[in-house]
Amino acid sequence: MRIGVDGRNLGSATDGIGRFVHSSIKALSALGADVFVYAPGQINASYDIPGGVALRTAGFRSLPARALWGQVVLPSL
């Protein structure tokens, strides 16, 4: 099974949603799913993304650009 994950909340290690997304990625990967994580920018280094999980980040840094990423780019992926 292929699963795409919106990784925009992985930019901050203190974000509760980010921790939930990270735990979900780890659990899905452990179950054998093909997990693809898409993020508008770099994710926080404290999140250890399991091997075999495809991480695709873009260079959107400003708030308007990140909003554009979430509304236009992410749905196309």
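Before reading on, note that the structure itself is shown above.
Below you will find a few notes about this structure. (Residues numbered from 1 in each chain as written. Predicted model: local features only at pLDDT ≥ 70, side-chain atom pairs only at ≥ 80, totals over all residues. Heavy atoms only, no water.)

### Points about the overall build of the protein chain
What counts is decided by this rule: A helix here means a DSSP run of H or I that spans at least four residues, while a strand means a run of E at least two residues long, and both kinds are numbered starting from the N terminus. For this measure, only C-alpha atoms enter the radius of gyration; the expected value for a globule follows 2.2 Å times N^0.38, where N is the number of residues. Accessible area is worked out with a 1.4 Å probe on protein chains only. A residue is then buried under 20% of its type maximum, exposed over 50%, and partly exposed in between. Note on definitions: a residue-residue contact is assigned when non-hydrogen atoms from the two residues lie within 4.5 Å. The charge count treats Lys and Arg as positive and Asp and Glu as negative. His and the chain ends do not count. Think of each charge as sitting on NZ of Lys, CZ of Arg, CG of Asp or CD of Glu.
Across its full length, the protein chain holds two helices and three strands. Counting from the amino terminus, helix and strand elements in the protein chain follow one another as β-α-β-β-α. The globule rule puts the C-alpha radius of gyration for 77 residues at 11 Å, and the 12 Å found for the protein chain is close to it. Counting over 77 residues, the protein chain shows a buried share of 31%. The contacts of the protein chain with a sequence gap of at least 6 include a subset with a gap of at least 24, amounting to 55%. Between the centroid of the 7 positive side chains of the protein chain and the centroid of its 4 negative side chains there is a distance of 5 Å.

### So, the pattern of salt bridges
To be explicit about the condition: Within this document, salt bridges are pairs made up of a side-chain nitrogen of Lys or Arg and a carboxyl oxygen of Asp or Glu, the two lying within 4 Å of each other.
Enumeration over the complete set of coordinates arrives at one salt bridge. Across the salt bridge formed by Asp6 and Arg8, the nearest N and O atoms sit 2.7 Å from each other. You can call Asp6 partly exposed: its relative accessible area is 29%.

### Details of helix 1 (residues 16–30)
Each full turn of the α-helix corresponds to 3.6 residues, which orients residues three or four apart in the same direction. Applicable threshold: Here, expected helix span is obtained from the residue count minus one, scaled by 1.5 Å. The arc in question is traced by the directions running from the helix axis to the C-beta atoms.
Along its 15 residues, helix 1 runs 21 Å from first to last C-alpha, staying within 8% of the 21 Å computed at 1.5 Å per residue. Within the span of helix 1, buried status applies to Gly18, Val21, His22, Ile25 and Ser29. End-on view of helix 1: buried residues confined to an arc of 100 degrees, all on one side of the axis. Every exposed residue of helix 1 that faces more than 90 degrees away from the buried side is listed here: Phe20 and Ala30. Buried residues along helix 1 sit in contact with strand 1 (2–6) and strand 2 (34–39). Backbone geometry just downstream of helix 1 places Gly32 in the positive-phi region, at approximately 95 degrees.

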